[in-house]
Amino acid sequence: MATSNNAPHTRIERIIVLLDSSRAARVALDAAAELAARRHAQLLGLFIENTDLLHSASLPFGREIGFTSGRIRPLSTADMERRLRQQAEEARRLLAAAGRRRAVQWNLQVCRGQVEAETLAVTKPTDLLVLGRIALARDTGLRFGQLTVRIATTANCSVMVLGETPQPVQRPILVLYEGPETGDRALATAALMARDTNQALTVLLPASADVREEELEQRARSWALRHKATVNFMRLPGADAPILVQALRQTGGRLLILSRASHAVQNPANRSLLDEIALPIVVIP
Amino acid sequence: MVIPKPLNPEELYRRCDPESFDFETTAELEPFNEIVGQNRALETLKFGTGINSEGYNLFVLGPPGIGKHEVVEKFLRARAADEPTPSDWVYINNFANPHKPRLVELSAGRGERFREELEQLVQELRSAIPATFESEEYQSRLHDLQQEFGQRQQEAFREIQEEADKHDIALIQSQSGFTFAPKRDGEVLRLESYRALPEEERQEFERTIEQLQERLQQVIQQMPRWRKETQNRINELNEEMAMFAVGHLLDEFRTNYQDCPRILEHLDAIQKDVIENVGAFVSQDNHNRAAEQLLNRYLANVLIDNAQQQGAPVIYDDMPTHQHLIGRIEHHVQQGALLTDFRLIRPGVLHQANGGYLILDVRKLLMQPFAWESLKRALYSNQISTESLEQLYSLMSTVSLEPEPVPLNLKVVLLGERLLYYLLSAFDPDFLELFKVQADFEEDVERSAESTQHYARLIGTMARQENLLALDTSGVARVIEHGSRLADDSERLTTHNRAIFDLLREAHYWASSAGSDRVSGQHVQQAIDHQIYRASRVREGMERAIHRGTIMIDTEGEALGRVNGLSVIQLGGYAFGRPTRITATARLGRGNMVDIEREAKLGGNIHSKGVMILSNFLAARYAQDRPLSLSASLAFEQSYGLVDGDSASVAEFCALISVLANIPLKQSFAVTGSMNQHGQVQAVGGVNEKIEGFFDICKKQRHYGGHGVLLPAANIPHLMLRHDVVEAVRDERFHIYPVSRVDEALALLTDTEAGERGSDGQYPVDSVNHRVEQRLRELAELARRAPGGNDERAEQRKDNGDE
C-alpha cells in the first residue's frame, strides 16, 4: 500500500510486543495482534530472560520478597531457570492463540540479557513496539518502573504503551501537534490509525512561547488538507504534562499520539506523563 | 252438602284500575328512591352496619333477581357517604430487611403526594449525587487522598531504592516479587565475580541486603493498613459530600412529615444508603443500572389512594378470587429469574374496601379456590396479609415478599341464596362467628292501594333509569297485575326487580316497534305473550301430542276410575301446567294400596305421603269395623319422569272411589288439590298454570262448553288467570269450582250426591259413599270366605288348639 501516508518513516512492517507474565503484557499482545492484522504486518513476540534476575538467584543469599504478602522466600538458579522456561512457554502459547485469532503470522524470539538493551537491539525503524504499562511500577515509583519510559524515549521505532484497561472504541484518536518538525510524523501515524479504525482524529494544539496556536492550527490544517484527512482541533493552554493530563481527563480519547521530541516527553520533570494517564500512548521517534 | 258454585270472573283475576292513577304517564311521577317492601332487610342492614363489634358482618339472603345487590349497594352508598374517608396506605422499602416491606398510613390524599415528593427527591438525587461527586472539589480531594497514598508508598520504596543504590545493590522485579543483588556497572554480579570479592565486602553486602529485605518487607506489609486508612478517609469524604448533596433535600422533606415517624426513619435510611453506595452513583456509565436500582428503593408504592374518595368506600367484586381479595405480589423476569420488590405489591378488594364496605356474591366466592378461607382468615385476624397461593402452600419457591400486614376494618356484605346461608350455617363453624347478621329479603309485598301507588312510581323510576319510554296508566296497571301473577297471589306483588325490569324493557321494545311514544297495556301484554311464546316450544309439543292422541287425555264423556289430574312443569324460568291422566284399579286384597309411581321409583316422598293419607282416609271412612280387603293401584298414565307433590291426592281419591262405587267420572273436568285424613281439601301451588294448562287443551280440542277445573277453595286468593280464561268463564264456557271437601269433588265429577251418614250411621242409598261402603263390605265378605281368608284361619287355629 504505497500511498503518501505510507512514506518510509510512517510505514509499519513489524509489530513487536514485549512479553512477560504480567496482565498488562496480555493486553499489549492483544492490541499488537489487532494492529498486525489491520496493517498486514508481522507479529513478533519478544521474551527476554532477565540476566539480572538469573544472577541474583545464583547468589547464595538470593531471596525474593512477595509483592503482596511481603514474605521472604529463598531463590535458586534452578527455580529461576524453570520459571523463565515456563514463562517463555506461556508466552508462546498466548502468542499462538492471538495469532490464530487474528489470522496473523507470528514469531517468538527468546533472548537472554537485560530487558532494555535486548529490546532496543531487536527493534528497527519500521517497527512498532508495543509495551504493557506495569501497574505496579506506577504505585511503587521504583526506578525499574521507568523501564517503559526509557525504552519509549530511546527506541529507534514508534512505541506504544498500553494500560490494563481497554478504552471505549467510540472515542477519538488524539494527536499532540507542536509544529511540523516534531508533529508531522505524529500526525501521519495518527491519520493512519484513525483511517484504519474509522475513527475521528482530534489534534491537540498546545500554546507555547515559540509558536502561536493559530499558526499551529494553520499548519496542521494545511497538512490535513494535503493528506486529505478529516481532523478536529482542540487548543490547550500549554504542553506540560499536568495540563495534558487534565485535558485528557476531560476530553477522553482512545489513544494519544505524540512525538518523542515533544515538550511533555522531553522535559525530565514531566516524564510522569506516561504513568499518569490511563490512555494508551504512542511515542513517535 | 251444598255443591259448590263456580267462581265469578271477578274472583279469577284481580284487576288494577288504570283510573285509580292520577297521572297520564310515568314521566310525570317523582322518582321513587325508597325500597318497596323490604323493611325487615333494611332494618337489618341498618343494624348490621351500625353495630361496631367483631363478627357483625352481613349475609343478605334472597333468590336471584330480587334486587339484593341494588338495594344493598344503594343503602351502603347512602350510609358510606357520611362516614369518614379512610387512610391511604403506602408500602416503602425496608432497608434492614428488604423482603419485608414496611407499611405507612397517611391521611387520605397524602399517600400520592408522598409518592410524588419521593419521586421528586429521587429525581433530584439522580442529578445531585453525581454532580456532587463529579465536582472539581470532590475529584481533587479524592485525587489528593489517592495521591497521598501513592506518595506515601513511593516515598517508602524510594528510600529503600536509594539505600540500595548507596550500597551498590540492585532492586530487581521478578514475576512475583522483588529481589536484591549486588551490582557493578549497572549489572548484577555473577556468582564467580561475587565469590572473587573479599570476604569482608561480601559480608557487608549480605548484611545490607538482609536489612533491605526486612525494610522492604515492612513497607509491603504496611501497605494494606495504609490502603485502609486511605479508604476510611475516602469514606469520610464521601459521607461529607453525600450529606452536602442530599442533606438539604431530606431536611425539607422531613419538615413535611414530622407527624409520621416511619417516614422519618425512611429518610434516615435513604441518607445512610446514599453514603454507603456512593460508588454506584458516580459510575461513568450513562445508563447507570446500579444507581437506578438503588434509587428505585427510595420510592413508594401507594397501595391505596383515597384522594378522590368521598366518605367510606363501597366495593363490589364480581370475581372474588384469592388474589382479588387479598392482593398479589407481581414478579418481573430478569435473566430468567423471577424477581420482585415492594413496588410490585398490588392491592386486593379488601384493601380497597378497608374502612368501608365490601359486597361479594357468596356463590362466586365459594366457587373460587381458597377465596372463602382467605376471606375468613383476614376477618378473623383483622388484617390483610398479602401472600400468593404458591407461597402459602409452598408450591413454588421463588424470591418473594412478606409485606407488613394491613390492619383491616370493614364490613363484608355477602349476597346469596337462602340455601347457601343455611348450608354454611350448618357446615362451616366459622360462618356464624363471622356473619352474625342475616338480612332476609321478602319476595313479595302486600297489594294495597298504597303499595300499588308506590309500585307505579317504582315502575316509572325503573323506566327512567333504563331510558325507556314512559308508561301510561294502562301499562302501569298491566305491569302491576303481572306483578301479582309473578307473586302467584292476587293479594301480593312480586319484589323480583329483574323480572319487572325485563318486562319493562321488552314492553318498551314493542312500543318502540309500533311507533308509540309511550308504553301502554297492550305493549305490556305483547311483551308477556312474547315471553310465553318464546318459552313455549315444549308446551306446544305436549299440547300437540294430546290433541293427536299420543298422550291420552279425554275432555269429554265419562270414564270409570279415570280422572284428569294437573301438574306443573318448570323449564328454566317458565312454568306451565298440563293435564295428566290418573287411573285407579281395585280388587280383592289385603288392604294394600299400590302407588305405581312409588313402586317404579318415580314418585317422590311427598307424593307417597299423599297416597298414604288417602288410603288411610279410605279405610277410616269406609272400613272402620272390618278389614279393608282391597288391593288398589294408582298410576299417573304416560308419565315418564319424576312425580312429586301431593296436589294430585284429591284426583287420585276420586279415581279410586269411581272404581269402587262403579260410577264413571266426568272427563270434562280436571282436578287439583291435596287432601288430609279428614277429607278436607288443602291448597296447592301453581294453580294458575294448572288451570291455564287444562284450558288450553280444552280450547285446542275445540269443544269446550261445560269444562272446568276443581281447585281447593283455599287457592282462590292465588288466582291471577289469563285474560282468555277469564273471558271463557264470563261466557260460561269454562268453570272453576272451589272445593273444600273431597265429597264436593266427588259430587261434581259424578253428578251424584256423595252422601253423608244419617242418624242411623248409614249413607243414603245410591249415594256414592253408600256404594263404596257396600262394595268394600262385599270385598270383605269375599275375603273372609276365600281360601286363606279370615274364617279359614280361625278354623285352623281352632284345630291346632290355639284358643
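Participant: When you look at the overall build of chain B in this model, what are you seeing that I'm missing?
Facilitator: When helices and strands are tallied, chain B shows 29 helices and 30 strands. Since a compact globule built from 803 residues should have a radius of gyration of about 28 Å, the 48 Å found for chain B marks it as more spread out than a globular shape. A principal-axis box enclosing the C-alpha atoms of chain B has dimensions of 170 × 85 × 50 Å. Put simply, chain B has 803 residues, and 50% of those count as buried.

Participant: Just to check I follow, could you spell out the overall build of chain A for this structure?
Facilitator: Regarding its fold elements, chain A presents eleven helices and twelve strands. For chain A, buried positions account for 55% of its 285 residues. Within chain A, contacts between residues at least 6 apart in sequence are counted, and of these 76% link residues at least 24 apart. Surface accessibility of chain A: about 12,600 Å² in total, with carbon and sulfur atoms responsible for 50%.

Participant: How should the nonpolar core be read in this particular structure?
Facilitator: Nonpolar side chains tend toward joint burial in soluble globular proteins. With 84 residues, the main nonpolar core has I15, L43 and I257 of chain A together with F180 of chain B as its most contacted residues. Per-element accounting of this core gives the leading share, eight residues, to helix α6 (residues 199-256) of chain B. Beyond its immediate stretch of four places on either side in the chain, I15 of chain A contacts A32, L35, A36, A41, Q42, L43, L44, L128 and V130 of chain A. Core analysis: the second largest hydrophobic core is formed by 46 residues, A648, F653, I663 and L746 of chain B among them.

Participant: Quick question: what am I supposed to make of the pairing of strand β7 (residues 158-162) of chain A here?
Facilitator: Two faces, one strand: in a regular strand the side chains alternate between the faces of the sheet. Residues and elements named next belong to chain A. Most of β7 sits out of view: five of its five residues are buried. As judged from the five bridges shared by strand β6 (residues 127-132) and β7, these two strands associate in the parallel manner. By the bridge assignment for β7, V130 is matched with M160. The pairing of β7 with strand β12 (residues 281-284) spans three bridges and is antiparallel. Bridge pairing in β12 places V159 opposite V283.

Participant: Honestly, the interface of chain A and chain B in this entry has me stumped. Any pointers?
Facilitator: Interfaces are often described in size by the accessible area the parts lose on coming together. Across the contact, 37 residues belong to chain A and 35 residues belong to chain B. For the pair chain A and chain B, the summed buried surface comes to about 3,300 Å²; carbon and sulfur atoms form 57% of the total. Here chain A and chain B share zero salt bridges between them. Inspection of the chain A/chain B interface yields seven residue pairs in polar contact (both at pLDDT 80 or more).

Participant: Any chance you could explain the packing of helix α17 (residues 449-465) of chain B against helix α18 (residues 473-487) of chain B here in plain terms?
Facilitator: For any two helices packed against each other, one specifies the inter-axial angle together with the distance between the axes. Residues and elements named next belong to chain B. Across the interface, α17 lies against α18 with an axial gap of 10 Å and an inter-helix angle of 110 degrees. Taken together, the axes of α17 and α18 lie roughly perpendicular to each other. The hand of the α17/α18 crossing is right-handed. Contact residues: α17 offers T452, Y455, A456 and I459, while α18 offers V476, V479, I480 and G483. Here the residues of the contact of α17 with α18 sort into six nonpolar, two polar and no charged.

Participant: How should I be thinking about the sheet that holds strand β29 (residues 707-712) of chain B in this particular structure?
Facilitator: To summarise the sheet geometry, strands pair through backbone hydrogen bonds and adopt either a parallel or an antiparallel arrangement. All names here are of chain B. Taken together, the seven strands give an open sheet; going across it, the order is β23-β24-β22-β21-β26-β29-β30, and neighbouring strands pair in mixed fashion. Each having just a single partner strand, β23 (592-595) and β30 (734-739) make up the two edges of the open sheet. Recorded for the sheet is a direction-independent mean angle of 30 degrees between the axes of neighbouring strands. Taken together, the three bridges between strand β26 (residues 669-671) and β29 define a ladder with parallel strand orientation. Bridging across to β29, V671 finds its partner in L710. Along the sheet face, helix α21 (residues 537-547) touches β21 (562-571) and β22 (574-588) and points at about 40 degrees away from the line of β22.

Participant: What should I look at first to understand the sheet that holds strand β13 (residues 357-361) of chain B in this one?
Facilitator: All names here are of chain B. One open sheet holds the five strands; their spatial order is β8-β13-β16-β1-β17, and the pairing between them is parallel. Each edge of the open sheet carries a strand with a single partner, namely β8 (314-317) and β17 (437-440). Within the sheet, the average angular offset between the axes of one strand and its neighbour, ignoring direction, is 20 degrees. Where β13 meets strand β16 (residues 411-416), five bridges bridge the pair, whose relative direction is parallel. Bridging across to β16, L358 finds its partner in V412.

Participant: Explanation requested: helix α7 (residues 261-276) of chain B in the structure shown.
Facilitator: Note that an α-helix has 3.6 residues per turn; residues three or four places apart therefore point the same way. All names here are of chain B. An ideal rise of 1.5 Å per residue puts 22 Å on 16 residues; α7 measures up with 23 Å between its terminal C-alpha atoms. Along α7, the residues classified as buried are I263, L264, H266, L267, I270, Q271, D273 and V274. As for α7, its buried residues are in contact with β2 (88-92), β3 (102-106), α3 (110-133), α6, α8 (278-281) and α9 (289-296).

Participant: Would you explain a nonpolar patch on the surface in this entry?
Facilitator: Residue and element names in this part refer to chain B. A cluster of nonpolar side chains, contributed by F370, Y393 and L395, occupies part of the molecular surface with about 330 Å² of accessible area. Note that F370 resides in the loop between α12 (362-367) and α13 (371-381). Exposure remark for F370: the relative accessible area of 37% places this residue in the partly exposed category.

Participant: Looking at this structure, I do not really get the pairing of strand β2 (residues 42-50) of chain A. What am I missing?
Facilitator: Residues and elements named next belong to chain A. Most of β2 is tucked away: eight of the nine residues are buried. Relative to β2, strand β1 (residues 14-19) runs parallel, the two being bridged by six bridges. For I16, the partnering residue across the bridge sits in β2 and is L44. Pairing of β2 with strand β5 (residues 106-113), which is carried by eight bridges, proceeds in the parallel orientation. For E49, the partnering residue across the bridge sits in β5 and is R112.

The rules behind the values
Residues numbered from 1 in each chain as written. Chains lettered and ligands numbered in written order. Predicted model: local features only at pLDDT ≥ 70, side-chain atom pairs only at ≥ 80, totals over all residues. Heavy atoms only, no water. Helix = DSSP H or I, 4+ residues; strand = E, 2+ residues; numbered from the N terminus. Rg over C-alpha atoms; globule rule 2.2 N^0.38 Å. Buried < 20%, exposed > 50% of the residue type's maximum accessible area, 1.4 Å probe, protein only. Contact = heavy atoms within 4.5 Å. Areas by Shrake-Rupley, 256 points an atom, 1.4 Å probe, with all protein chains shown as cover. Core = buried A, V, L, I, M, F, W, Y, C linked by side-chain atoms within 4.5 Å. Pairing = 2+ DSSP bridges. Buried area = accessible area lost by both parts, 1.4 Å probe. Salt bridge = Lys/Arg side-chain N within 4 Å of Asp/Glu carboxyl O. Polar contact = N/O pair within 3.5 Å; in protein donor to acceptor, adjacent residues only side chain to side chain. Axes fitted to C-alpha atoms, helices over the stretch in contact; angles between N-to-C directions. Parallel < 35°, antiparallel > 145°, perpendicular 65-115°, else oblique. Left-handed = near helix turned anticlockwise from the far one by under 90°. Nonpolar A, V, L, I, M, F, W, Y, C, P; charged D, E, K, R; others polar. Expected span 1.5 Å × (residues − 1). Patch = residues over 30% accessible without salt bridge, like charges linked within 9 Å, V, L, I, M, F, W, Y side chains within 5 Å.

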